[in-house]
Amino acid sequence: MYYPDDVVEEVRSRNDIVDVISEYVGLKRAGNSYKCCCPFHNEKTPSFTVSKEKQMYHCFGCGAGGNVFTFVMKYENFTFPEAIEHLAKRAGITLPEKEMSAEDKKKQSRKHMMYEANKSAAAYFHYLLTKTERGKLGYKYFRERGYTDETIAKFGLGYADIYRDDLYKYLKSKGFSDTIMRDAGLVDFDEKNGPKDKFWNRVMVPITDINGKIIAFGGRVLGDAKPKYVNTRETEIFNKSRNLFAMNIARHSKRKGVILCEGYMDVIAMHQAGYDNAIASLGTAFTEGQASLIKRFTKDVYLAYDSDGAGTTAALRAIGILRNMEMSQKIIKLSPYKDPDEFIKNLGVEAYDERVRNALTGRIFEIDNIVANYDMNNPEEKTGFMKEAGKLLAGIEDSAERSNYVETVAAKYMLNKDELKKIVSKAGMAAVTTGSAPRETVNYRKEQENPAEKNQKYLLTMMVNEPFLFDKLSEVISEEDFTEPVITEVAGMVFTQYKESGQVNPAQILNQFEDTEAQEKVSGIFTKEFDFDTTPSVLEKALTDLIIKIKSDNIDKLRMTRSDVSSIELARKKAELKKLRVRL
């Protein structure tokens with residue numbers, strides 16, 4: 001940890017978790033806590049709970065949880081030190097210089113080093129493009145695409161040289177290890193041929209996360225070689241399905257919503273034309289994770305996908321994802337041109353503005369694609385079109401909106417409005433009775449706990465929620481009884497905290513865990529809900545059963561792992577457990 005424990009705790013205690021989370025999402029009071037729909041997964045019924053008393057949050061849908069540091073780390077994609085610095089600034093706290101011992105430096109975050117390697121690589125690529133004779137080939141390519149020097153600088157565009165180990169030598173000279181270069185996806189290593197740069201003889205586009213950190217690269221070949229585009233493979237800091245190109249810029253745009261394009265070259269061209277709300281997915285189909293990222297900042301999405309068959313298919317898929325997440329979908333028609341770059345170059349910004357203003361809603365775009373399969377001059381085919389369109393319109397839940405769509409579609413395709421309305425109603429009733437039109441949902445599979453872990457976690461949760469149990473159970477349970485990984489560490493902290501202060505502060509304990517995965521696992525211990533009445537008699541039985549199970553499991557483990565312990569003695573102890581009764 002870069003900062004002393006007391007400094008970390010001061011920052012946490014001066015940033016009320018309810019106030020901080022309220023700056024990101026709308027919280028509503030619910031009894032002694034606050035609730036909202038989880039910002040980390042798609043849901044309709046709020047399962048995200050924030051406790052002002054415990055200064056912790058937990059989602060009972062997807063399992064996300066922790067203290068104020070955890071939330072900021074997960075939402076902003078910060079490291080632990082970055083979250084401390086962000087919240088210190090918010091609270092007006094001046095932090096001391098980072099304390100980094102020799103051991104701290106040795107354990108310095110691998111992720112931090114990967115970010116730094118990418119940052120150095122981007123600077124080198126940009127230098128080659130703009131300052132060297134060899135980079136003129138790449139510079140010429142960008143200029144011929146119409147990019148200005150200002151745009152080249154804004155996006156840090158670069159050039160990867162023709163030599164197979166050019167970047168490797170440069171990063172090596174900067175002190176980066178082979179492991180970091182490999183794990184960042186910058187260099188491949190072969191036992192026979194040695195290091196080989198992932199990118200060479202390509203123009204380079206740095207890819208950043210939501211906070212502007214360089215997490216990957218896209219490279220376009222110069223010439224006709226295949227593949228035309230190469231992206232960094234997924235790494236510890238680069239998840240294609242949870243990042244969007246230029247979202248770090250678009251999130252601050254004053255334009256309405258975002259314009260989702262297919263590729264980063266289109267995005268760069270659109271930013272240069274003034275559309276700083278343009279973004280793109282990263283070499284993969286649009287995902288729910290990417291939709292969730294957009295939804296943090298806006299619910300309005302314009303799709304500017306290529307006007308060919310593949311672009312249409314991709315747009316239809318994206319419409320479904322956005323609709324399922326209750327986000328607005330509008331499609332910008334680019335014909336007769338293939339993509340936004342071609343359109344703007346040929347017809348200009350004003351014509352593009354008009355296309356944006358007249359963008360089709362997702363429903364109309366879907367129906368436009370259906371009509372292409374029917375001969376509307378043929379009565380039978382026209383009826384077939386009405387039935388297929390009716391099924392789509394029946395999926396609109398809001399009755400007023402559904403009625404408006406029926407009217408619009410009937411007028412646009414010269415259909416009998418009353419007949420279309422009947423077809424829509426019939427399709428809606430069929431879906432209800434057969435269950436043939438379920439909404440898309442995200443299936444969150446919780447990691448299976450072993451019984452011993454579950455029991456130990458449950459007991460520790462009960463003690464944290466009812467601190468008087470530390471004294472009441474002191475004769476029958478101790479921190480040594482908590483033997484499962486992570487739980488044993490947490491139990492040690494909890495017991496020590498209670499002995500020293502007579503109380504338990506879960507949010508403070510979480511400060512000791514720097515990565516969000518560990519914090520979420522620990523927060524599950526502190527925020528687990530009881531599934532029984534906590535009246536004394538019920539609580540006594542529950543505690544008795546739990547303690548017997550935990551101690552029995554630990555005895556069985558000793559029997560299997562320790563040859564120096566008497567089996568007879570262990571059997572005797574296990575038999576005695578049956579007599580145990582907790583009295584409160």
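Please read these numbers as outputs of a predicted model, since none were measured by experiment. (Residues numbered from 1 in each chain as written. Predicted model: local features only at pLDDT ≥ 70, side-chain atom pairs only at ≥ 80, totals over all residues. Heavy atoms only, no water.)

Asker: Go over the overall build of the chain with me, naming the residues and quoting the values.
Answerer: Tallying secondary structure elements over the chain gives 26 helices and 16 strands in all. Projected onto the principal axes, the alpha-carbon positions of the chain cover approximately 85 × 70 × 50 Å. Considering the chain as a whole, with its 584 residues, one finds that 47% of them fall into the buried category. Split by element, the accessible area of the chain, about 29,600 Å² in all, is 48% carbon and sulfur. Put simply, the chain has 88 plus and 87 minus side-chain charges, and the middle of one group is 2 Å from the middle of the other. (Helix = DSSP H or I, 4+ residues; strand = E, 2+ residues; numbered from the N terminus. Buried < 20%, exposed > 50% of the residue type's maximum accessible area, 1.4 Å probe, protein only. Areas by Shrake-Rupley, 256 points an atom, 1.4 Å probe, with all protein chains shown as cover. Lys, Arg positive; Asp, Glu negative; His and termini not counted. Charge placed at Lys NZ, Arg CZ, Asp CG, Glu CD.)

Asker: Tell me about the packing of helix H6 (residues 110-131) against helix H9 (residues 166-173), residues and numbers included.
Answerer: One way to put it is that H6 packs onto H9 with a least axis distance of 10 Å and a crossing angle of 125°. One finds that H6 runs oblique with respect to H9. Crossing of H6 against H9: the hand is right-handed. In contact with Ala117, Ser120, Ala121, Tyr124, Phe125 and Leu128 of H6, H9 contributes Asp166, Leu167, Tyr170 and Leu171. Tallied by class, residues from the contact of H6 with H9 come to 8 nonpolar, 1 polar and 1 charged. (Axes fitted to C-alpha atoms, helices over the stretch in contact; angles between N-to-C directions. Parallel < 35°, antiparallel > 145°, perpendicular 65-115°, else oblique. Left-handed = near helix turned anticlockwise from the far one by under 90°. Contact = heavy atoms within 4.5 Å. Nonpolar A, V, L, I, M, F, W, Y, C, P; charged D, E, K, R; others polar.)

Asker: Now, about the environment of Glu381: what can you tell me, with residues and values included?
Answerer: The residue Glu381 is located in helix H17 (residues 379-394) in this model. On the basis of relative accessible area, Glu381 is assigned to the partly exposed category, the value being 32%. In this structure, the C-alpha to C-alpha distance between Glu381 and Val371, residues 10 residues apart in sequence, is 9.7 Å. Residues contacting Glu381, with those up to four places away along its chain left out, are Asn373, Tyr374 and Asp375.

Asker: Describe the sheet that holds strand E2 (residues 33-36), and please don't skip the residues or the numbers.
Answerer: Strand order across the open sheet formed by 5 strands is E1-E2-E3-E4-E5, with antiparallel pairing between neighbours. Of all strands in the sheet, those bounded by a partner on one side alone are strand E1 (28-30) and strand E5 (65-66). Sheet topology places strand E4 (residues 56-59) next to E5; 2 bridges connect them, and they run antiparallel. For Tyr57, the partnering residue across the bridge sits in E5 and is Gly66. Lying on the sheet, helix H3 (residues 68-76) is in contact with strand E3 (48-51), E4 and E5; it crosses E4 at an angle near 50°. (Pairing = 2+ DSSP bridges.)

Asker: So, the pairing of strand E12 (residues 258-261): which residues are in play, and what are the values?
Answerer: A regular strand places its side chains on the two faces of the sheet in alternate fashion. The alternating pattern of E12 places Val258 and Leu260 and Ile259 and Cys261 on opposite faces, both of which are buried. When E12 meets strand E14 (residues 300-303), the two strands line up parallel, connected through 3 bridges. Among the inter-strand pairings, Leu260 is bridged to a residue of E14, identified as Leu303. Two elements, E12 and strand E13 (residues 278-280), share 3 bridges in a ladder whose sense is parallel. Counterpart to Cys261 in the pairing with E13 is Ala280. The parallel pair E12 and E13 is bridged by helix H12 (residues 264-272), and the resulting crossover is right-handed. (Right-handed = clockwise from strand over helix to strand, strands pointing away.)

Asker: An account of the pattern of salt bridges is requested, with residue identities and associated values reported.
Answerer: With the rule as written, the count across this model stands at 27 salt bridges. The partner of Glu484 in a salt bridge is Lys557, and the shortest N-O contact between them spans 2.4 Å. Taken as a pair, Glu484 in the loop between helix H21 (469-472) and helix H22 (487-501) and Lys557 in helix H25 (residues 536-561) lie far apart in primary sequence, 73 residues in all. When its relative accessible area of 8% is taken as the criterion, Glu484 is described as buried. The salt bridge partner of Arg572 is Glu569, with a shortest N-O separation of 2.3 Å. Here the residue Arg572 and the residue Glu569 both occupy positions in helix H26 (residues 567-577), the gap between them amounting to 3 residues, near one helical turn. For Arg572, a relative accessible area of 38% corresponds to the partly exposed category. (Salt bridge = Lys/Arg side-chain N within 4 Å of Asp/Glu carboxyl O.)

Asker: Please set out the sheet that holds strand E9 (residues 202-208) residue by residue, giving values where relevant.
Answerer: The 4 strands are arranged E6-E9-E10-E11 in an open sheet whose pairing can be described as antiparallel. Only two strands of the sheet have a single neighbouring strand rather than two, namely strand E6 (158-160) and strand E11 (229-231). Adjacent strand axes in the sheet meet at a mean angle of 35°, parallel and antiparallel pairs treated alike. Pairing geometry for strand E10 (residues 214-221) and E11, over 3 bridges, is antiparallel. Bridging from a neighbouring strand, Gly219 pairs with Val230 of E11. Contacts between helix H7 (residues 136-144) and the sheet are confined to E6, E9 and E10, with E9 contributing the most and set at about 70° to the helix.

Asker: Account for the confidence of the model for the chain, naming residues and giving values.
Answerer: The predicted model of the chain has a mean per-residue pLDDT of 86, with 92% of residues at 70 or higher. The low-confidence segment residues 437-447, where pLDDT is below 50, has 17 contacts with residues more than four positions distant or belonging to other chains. (pLDDT = per-residue confidence, 0-100.)

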